[in-house]
Amino acid sequence: MQVATGISILNGIGIGKIRIYKTPEYKINESLVEDAIPELTRFENARLKVQAQQQVLYEKAVVEAGEDSAAIFQFHADMLDDDDLLDAVKTIIVDQKHTADYAAKHGFDNVATMFSEMDDPYFQARSADVIDVGNAVVEALLGIDTSSLQGTEPSILVAEDLAPSETVKLDKSLMLGMITREGSSNSHTAILARSMNLPALIQCKDIADDWDGKMAILDGYNSCVYIDPTPDLLESLTAKRNEDLKKEALLQELKGKTNTTIDGKTIHVYANIGGPADIGSVQQNDAEGVGLFRSEFVYLNSKEDPSEEQQFQAYKRVLETLAPKLIIIRTCDIGADKTIDYMNLDKEENPALGFRAVRICLTRKDFFKRQLRALLRASAYGNLGIMFPMIISKWEVRECKEILAECRRELENEGVKVSDNIQIGIMVETPAAVLCADELAEEVDFFSLGTNDLTQYTCAIDRQNAKLERFADTHHPAVLKAIQMTIDAGHRHNTWVGICGELGADLSLTETFLRMGVDELSVNAKSVLPLRKQIRSIDLSK
Amino acid sequence: MKEFKFTVTDPVGIHARPAGLLVKEVKAHASAITIATEAGKSADAKKLLALMGLGIKQGDTVTVTVDGADEEEAAAAIEKFMKDNL
């Protein structure tokens, strides 16, 4: 047995025979031609054929991988309308008397070189797209059919690298997995594999030609591939894969269905996300919206205080891509326990009870306003909710709302469009907020229970401390009582109440929460469908 | 002839998808439309690859020149498009 490692793109297991996928090396006819007209016609036919192909790939990719990933094929098709590129190819045919295949190869290569010589990594990476389209044109001219390369048996494909169009062209029903020597986790190929839910390993440097036809296991959980696995390993990983498949199939059936109990009560199930990179998982897992978008990533991923513009772009991307789903963005929730150099926060004895979240925002108003302005600007692109964390008093909510109103007036004076339909809410994560829930509810459209902090503050237990395990009870009656009080207070004031902490995904509590009257549960994207399954199995009339 | 300046806010600059959309928008107008960078490079905005070849990044200010019979409405439409998409 041989073990080779790489970078795993997806937690999943693929078992089957290896098929080495090699694009054929073709020979370009370098001889000169007398008559340019037939060559021009050949090129035009090939161009139209490839353009139609790219359109088909676009449509295939929209279904399999989503609009965002598919857009690259639209670019490919547009490229084939570019006058400069077409003129360059035609000039090689007419003036230099070359064949259409020679002209296409060189014409596209020149443009690819232009991109690869640019400074910016984004534009450099576009040279791969130009080469991808150029190859498609040459293949069309030479009548090369790459569709046979995949074979007719289901297999794990092994390749040096796969262009995006190659990845999408592949017949998914014959794909057990994908391994490449090259590629980055941000390449289009990796993104496509991820959104197509295909176990894939990239940067696997030990790929060898003699793997062809051998039995293999691609283990995405452990980022490796076993060639000629031992019978024991084959048996245990087959069992694990079958378990995965069974779970997956059950959950897939739930997509598009509502979160309704047997007796007809429907609630919302949203996803918690950490940034624009999680957009795909929201779509794949069929979450109805985003109940908690932790905006910390914009602060943590940045060396300096992120500008309004940077934040706006990140929020806009999520809102726009997922529109019209409701996206609740929580304002900056950092504190002394998360060190951010540029914030210059003092070290504290007790950071959990310290200068954090909305307390920082209401002290450093300019800092807060940058985020609020970015949020308001982004609101024009989708369905936004804004949520303030760590609230204990009514005046804090009022002050947050005043600053928000001030930002809105500023933007409107600048002629910037801001949505009129933004829901405002707070995190309920302190015992103070629970006890004042009636007053707070008068100020907001929704409450979201942050059960992690609420448990820590209610029980005075630090969850990170292993010594306290015996005393820590995630289902502590005081916490459950606090949740019930919050829901009741919210409903007295027409304020809807959700849970966005880890308890929301605890299936043993789903029925309890439904009976308490919760309106929404927001959980990590992977838990959305299991939670839906649980809700649909509950009968509250019994 | 109409002329306006525009500062790109999109994090990756004038990249593949918006460039493609911009070309489509530009082609809907009869006027000749040119985009020039601060470094003095310019491209016909009807040409996708030339436009991308300018390598316009976030924060770059470009000058857009619109010349032709429908320049008034073309300039307005393109400025709006750029504000919305770039």
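Just above, that's the structure.
Residues numbered from 1 in each chain as written. Chains lettered and ligands numbered in written order. Predicted model: local features only at pLDDT ≥ 70, side-chain atom pairs only at ≥ 80, totals over all residues.

A.B. asks: I would appreciate a short explanation of the overall build of chain B in the present structure.
C.D. replies: Helix and strand counts for chain B come out as three helices and four strands. If you list the helices and strands of chain B from N to C, you get β-α-β-β-α-β-α. A buried classification covers 38% of the 86 residues belonging to chain B. Partitioning the intrachain contacts of chain B with sequence separation of at least 6 by distance along the chain shows that 69% fall at a separation of at least 24. (Helix = DSSP H or I, 4+ residues; strand = E, 2+ residues; numbered from the N terminus. Buried ≥ 20, exposed ≤ 12 C-beta atoms within 10 Å, placed from the backbone. Contact = placed C-beta atoms within 7 Å.)

A.B. asks: What is the right way to read the overall build of chain A from this model?
C.D. replies: Scanning chain A from N- to C-terminus turns up 20 helices and 16 strands. By residue count, 43% of the 542 residues in chain A fall in the buried class. Relative to all contacts within chain A whose residues are 6 or more apart in sequence, the contacts with residues 24 or more apart total 68%.

A.B. asks: Whenever I open this one, helix 11 (residues 308–322) of chain A confuses me. Can you help?
C.D. replies: An α-helix turns once per 3.6 residues; consequently, residues spaced three or four apart project the same way. All names here are of chain A. Between its first and last C-alpha, helix 11 extends 21 Å over 15 residues, near the 21 Å set by a 1.5 Å rise per residue. Along helix 11, the residues classified as buried are Q311, F312, Q313, A314, Y315, K316, V318, L319 and L322. If you follow the buried residues of helix 11, they end up packed against helix 9 (279–284), strand 10 (290–294), helix 10 (296–300), strand 11 (326–330), helix 13 (365–379) and strand 12 (383–388). (Expected span 1.5 Å × (residues − 1).)

A.B. asks: Before we go on, may I ask you to explain the sheet that holds strand 15 (residues 496–499) of chain A in this structure?
C.D. replies: Remark on secondary structure: sheet strands pair via backbone hydrogen bonds, oriented parallel or antiparallel. Ordered by their spatial adjacency, eight strands build a closed barrel running 9-10-11-12-13-14-15-16 (chain A), and the pairing between neighbours is parallel. Going from strand to strand, the sheet's axes swing by 25° on average, the running direction of each strand aside. (Pairing = 2+ DSSP bridges. Axes fitted to C-alpha atoms, helices over the stretch in contact; angles between N-to-C directions.)

A.B. asks: Explanation requested: the packing of helix 4 (residues 100–116) of chain A against helix 5 (residues 121–142) of chain A in the structure shown.
C.D. replies: When two helices pack together, their arrangement is given by the angle between the helix axes and by the axis-to-axis distance. Residues and elements named next belong to chain A. Two elements in contact, helix 4 and helix 5, have axes whose closest approach is 7 Å; the angle formed by their N-to-C orientations is 175°. Compared by their axis directions, helix 4 and helix 5 come out roughly antiparallel. The residues of helix 5 that touch helix 4, namely those facing A100, D101, A104, K105, F108, D109, V111, A112, F115 and S116, are F123, Q124, R126, S127, V130, I131, V133, G134, V137, V138, L141 and L142. Taken together, the residues of the contact of helix 4 with helix 5 sort by class into 14 nonpolar, four polar and four charged. (Parallel < 35°, antiparallel > 145°, perpendicular 65-115°, else oblique. Nonpolar A, V, L, I, M, F, W, Y, C, P; charged D, E, K, R; others polar.)

A.B. asks: So what exactly am I meant to see when it comes to the sheet that holds strand 2 (residues 7–8) of chain A here?
C.D. replies: Residue and element names in this part refer to chain A. Ordered in space as 1-8-7-3-4-5-6-2, the eight strands form an open sheet in which the pairing is mixed. Each edge of the sheet is formed by a strand with only one pairing partner; in this case those strands are strand 1 (2–5) and strand 2. Of the pairings in the sheet, the one linking strand 7 (residues 215–219) to strand 8 (residues 224–227) comprises four bridges and is antiparallel in character. Considered in strand 8, the bridge of L218 is made with V225. Sheet strands touched by helix 8 (residues 231–252): strand 3 (13–20), strand 7 and strand 8. Its angle to strand 3, the strand with the most contacts, is close to 115°.

A.B. asks: In this structure, what is going on with the environment of A:G450? I would like to understand it.
C.D. replies: Residues and elements named next belong to chain A. Residue placement: G450 occurs in the loop between strand 14 (446–449) and helix 17 (451–459). When the C-alpha atoms of G450 and G498 are compared, they prove to be 9.1 Å apart, with 48 residues separating the residues in sequence. Every residue in contact with G450, bar those within four places of it in the chain, is listed here: M427, V428, E429, C500 and G501.

A.B. asks: So what exactly am I meant to see when it comes to the environment of B:K5 here?
C.D. replies: Residues and elements named next belong to chain B. Note on placement: K5 falls in strand 1 (residues 2–7). Residue classification places K5 among the exposed residues on the basis of 11 C-beta atoms within 10 Å. Distance in space between the C-alpha atoms of K5 and T65 is 8.9 Å, their sequence separation being 60 residues. Not counting the four nearest positions on each side in its chain, K5 is found in contact with T61 and T63.

A.B. asks: Help me out: how do you make sense of the interface of chain B and chain A in this one?
C.D. replies: The figure often quoted for interface size is the accessible area lost as the parts come together. The interface is formed by 16 residues belonging to chain B together with 20 residues belonging to chain A. Secondary-structure elements contributing two or more residues to the side of chain B that touches chain A are helix 1 (16–27) and helix 2 (48–53) of chain B. Residue contributions to the side of chain B that touches chain A peak at five residues, all from helix 2 of chain B. Split by residue class, the side of chain B that touches chain A holds eight nonpolar, five polar and three charged.

A.B. asks: Whenever I open this one, the packing of helix 1 of chain B against helix 3 (residues 71–85) of chain B confuses me. Can you help?
C.D. replies: All names here are of chain B. Interhelical geometry of helix 1 versus helix 3 gives an angle of 165° and a closest axis separation of 10 Å. When the axes of helix 1 and helix 3 are compared, the pair comes out roughly antiparallel. Two packed elements cross with a definite hand, and for helix 1 against helix 3 that hand is right-handed. Mapping the contact onto sequence places P18, L21, L22, E25 and V26 in helix 1 and A77, I78, F81 and N85 in helix 3. Here the residues of the contact of helix 1 with helix 3 sort into seven nonpolar, one polar and one charged. (Left-handed = near helix turned anticlockwise from the far one by under 90°.)

A.B. asks: How should I be thinking about the pairing of strand 11 of chain A in this particular structure?
C.D. replies: Regular strands have side chains that alternate between both faces of the sheet. All names here are of chain A. Among the five residues of strand 11, five are classified as buried, and the element is accordingly described as predominantly covered. The alternating pattern of strand 11 places L326, I328 and R330 and I327 and I329 on opposite faces, both of which are buried. As defined by bridge partners, strand 11 adjoins strand 12 across five bridges and the pair is classed as parallel. Considered in strand 12, the bridge of L326 is made with N383.

A.B. asks: Would you mind showing me how to read the nonpolar core here?
C.D. replies: When a protein is soluble and globular, its nonpolar side chains tend to lie buried together. With 79 residues, the main nonpolar core has A:V290, A:I327 and A:I426 as its most contacted residues. The residues contacting A:V290, other than those within four sequence positions of it, are A:Y270, A:A271, A:I273, A:V282, A:L322, A:K325, A:I327 and A:I328. The next biggest cluster of nonpolar side chains, apart from the first, holds 57 residues, and it includes A:Y58, A:V89, A:V137 and B:L54. (Core = buried A, V, L, I, M, F, W, Y, C linked by C-beta atoms within 7 Å.)

A.B. asks: Sorry if this is basic, but what is going on with unusual backbone geometry here?
C.D. replies: Only a minority of non-glycine residues have a phi that is not negative, and only a minority of peptide bonds are not trans. Residues and elements named next belong to chain A. Following A323, the chain continues to P324 via a peptide bond in cis, the omega torsion being 5°. Looking at the element boundaries, P324 is found in the loop between helix 11 and strand 11. The backbone phi angle of S223 is positive, close to 55°, even though this residue is not glycine. Mapped onto the elements, S223 comes out in the loop between strand 7 and strand 8. With phi around 60°, M390 is a residue other than glycine that occupies positive phi space.

A.B. asks: Just checking my understanding: could you explain the pairing of strand 15 of chain A for this structure?
C.D. replies: Residue and element names in this part refer to chain A. Across the two faces of strand 15 the burial is the same, with W496 and G498 and V497 and I499 all buried. Where strand 14 meets strand 15, four bridges bridge the pair, whose relative direction is parallel. In the sheet register, F446 faces strand 15, and the bridge partner there is W496. Pairing geometry for strand 15 and strand 16 (residues 520–524), over two bridges, is parallel. Bridge pairing links G498 to E520 in strand 16. What joins strand 15 to strand 16 is helix 19 (residues 510–516), and the crossover it makes is right-handed. (Right-handed = clockwise from strand over helix to strand, strands pointing away.)

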